[in-house]
Amino acid sequence: MGTMLLTLLVGAVCGLLFYRLKVPGGMIVGAIIGTAALNIGFGTAYMPGMAKTIAQITAGAFIGCTVSKEVVQRLPRLLKPLFILLGGYLILNLVVGFIVYGISGEKLVTCLMCCVPGGMSDIPIIAADMGASVPKVAVLQFVRMAVGIGFFPAMIARAAAQPADAAGAEAAPEVKKASAPGDRGPGVILATVAVGTIFGFLGKAAGIPAGTILFATVSVLVFKLSLGRAYIPMWLKRVAQVLTGSYIGCCFGRQELMELKYLILPAVVLLAGYFGNCFLMGWLLPRVTHLNRAEAMLIATPAGASDMALISSDLGVDNPDVTFLQVLRMIIVVTVFPHIVNLVLHLVGG
């Protein structure tokens, strides 16, 4: 118990430090680095498997809360760009995953999960359930997220600032989200946590890949759309990020640290794939959907949905469809792509 509390304390302190320093994904990245240092230096880091389950349930409940009735109402308008976006991401995931597999010598499941364009908080934990190397998945997921936040916006600003983009597309009406104080009260929070927890454990018991986060996400989503209210406070998500980061950090030993140098080439290949996909979507989506070039490239940027909402505003893009598509992309990638990866592994015997 003492070792676990020490691990959590180190994870929380380092996570908060990195968060204050505005490092992308600071809470989880700081927790990973802090607990990894503790484990490598002293061999005393420990987190029980239940921490992983709690983190998945919380993450799933939080994702389920992000879908509003406005998103559902606008879904018919978003189906075409969503299918094209997800199709491009899936092809990218599989093609780059197999390339990384060919050049790295890692297990196929690790290579494919490294390339899933999901969340830094979610994919490494799901990868652990699937038997992948958690440290390697976490490192490449961080590279994806950090470059997505730190470099892609400047690239998009340059690429989109061309006359061809001025034609733009049909503007989407502004979507206003209003919530009454009671929508975020203690009762709503407890009910949301209860629903996510019950169904999350059912998903875990089902024994399917990513079952915990899938069941938690879908159950809370249905709960919110049925009753009009569901809420997970940000502080609870931060707690889940510390749990996730601490669990991942415990997977880092001296051997894993030494092997990180072999991830440089896979990281270059992965980023090249994301760059190519971003430009492809920036060319394709304006020709077949209502999105303009900047909007198309923003939804194809491999960063988090909340990050992209802020970045879109900074770039002068205020089409709510960009945020909605990022949210839908996050939900589907986190809950569906691991199952596709699992199916591919069965087909190829990986």
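Provided above is the structure to which this section pertains.
This text gives an overview of the structure that appears in the document. Source: prediction; values computed, not measured.

When helices and strands are counted, the chain shows 18 helices and zero strands. With 350 residues in all, the chain has 53% of them scored as buried. The contacts in the chain between residues at least 6 apart in sequence include a share of 78% that link residues at least 24 apart. Just so you have it, the chain exposes about 15300 Å², and 69% of that area is on carbon and sulfur atoms.

Before going further, it helps to spend a moment on the nonpolar core. In this structure, Met113 and Ile126 are the most contacted members of the largest nonpolar core, which totals 65 residues. With 13 residues, helix α18 (residues 320–348) is the single largest residue contributor to this core. Setting aside its immediate chain neighbours within four residues, Ile126 contacts Gln56, Met113, Ala210, Ile213, Val334 and Pro338. The next biggest cluster of nonpolar side chains, apart from the first, holds 22 residues, and it includes Met4, Phe18, Met47 and Val134.

Here we take up the packing of aromatic side chains. With the rule as written, the count across this model stands at two aromatic pairs. For the ring pair Tyr89 and Tyr274, a centre distance of 6.4 Å and an interplane angle of 65° mean the geometry is edge-to-face. With Tyr89 in helix α5 (residues 75–104) and Tyr274 in helix α15 (residues 264–288), this pair connects stretches of sequence that are 185 residues apart. Take Tyr89 and Tyr274: they sit in the same class, and that class is buried.

Moving on to the environment of Asn93. Tracing the backbone through its elements, the reader meets Asn93 in helix α5. Those residues in contact with Asn93, other than ones at most four positions away along the chain, are Leu112, Cys115, Val116, Pro117, Phe337 and Val341.

The next point concerns helix α1 (residues 2–20). Taking 1.5 Å of rise per residue, the 19 residues of α1 would be expected to cover 27 Å, and the 27 Å separating its terminal C-alpha atoms lies within 8% of that figure. Taken residue by residue, α1 has Met4, Thr7, Val10, Gly11, Gly15 and Phe18 as its buried positions. An end-on view of α1 places all buried positions within 130° of arc, on one side of the element. Among the exposed residues of α1, those oriented more than 90 degrees off its buried face are Gly2, Leu9 and Arg20. Looking one or two residues past α1, Lys22 carries a phi angle of roughly 60°, positive in sign.

A word on α5. Along its length, α5 reaches its greatest deviation from straightness, about 35°, at Pro81. Among the residues of α5, those classed as buried are Leu78, Pro81, Leu82, Leu85, Leu86, Gly88, Tyr89, Leu92, Asn93, Val96, Gly97 and Val100. In this structure, the buried residues of α5 make contact with α6 (108–114), α15, α16 (293–299) and α18. Positive backbone phi, approximately 80°, marks Gly105, located one or two places after α5.

About the cut-offs
- Residues numbered from 1 in each chain as written.
- Predicted model: local features only at pLDDT ≥ 70, side-chain atom pairs only at ≥ 80, totals over all residues.
- Heavy atoms only, no water.
- Helix = DSSP H or I, 4+ residues; strand = E, 2+ residues; numbered from the N terminus.
- Buried < 20%, exposed > 50% of the residue type's maximum accessible area, 1.4 Å probe, protein only.
- Contact = heavy atoms within 4.5 Å.
- Areas by Shrake-Rupley, 256 points an atom, 1.4 Å probe, with all protein chains shown as cover.
- Core = buried A, V, L, I, M, F, W, Y, C linked by side-chain atoms within 4.5 Å.
- Phe/Tyr/Trp six-rings, centres within 6.5 Å; stacked < 30°, edge-to-face > 60°.
- Expected span 1.5 Å × (residues − 1).
- Arc of directions from axis to C-beta.
- Bend = angle between axes of the 7 residues up to and from the residue.

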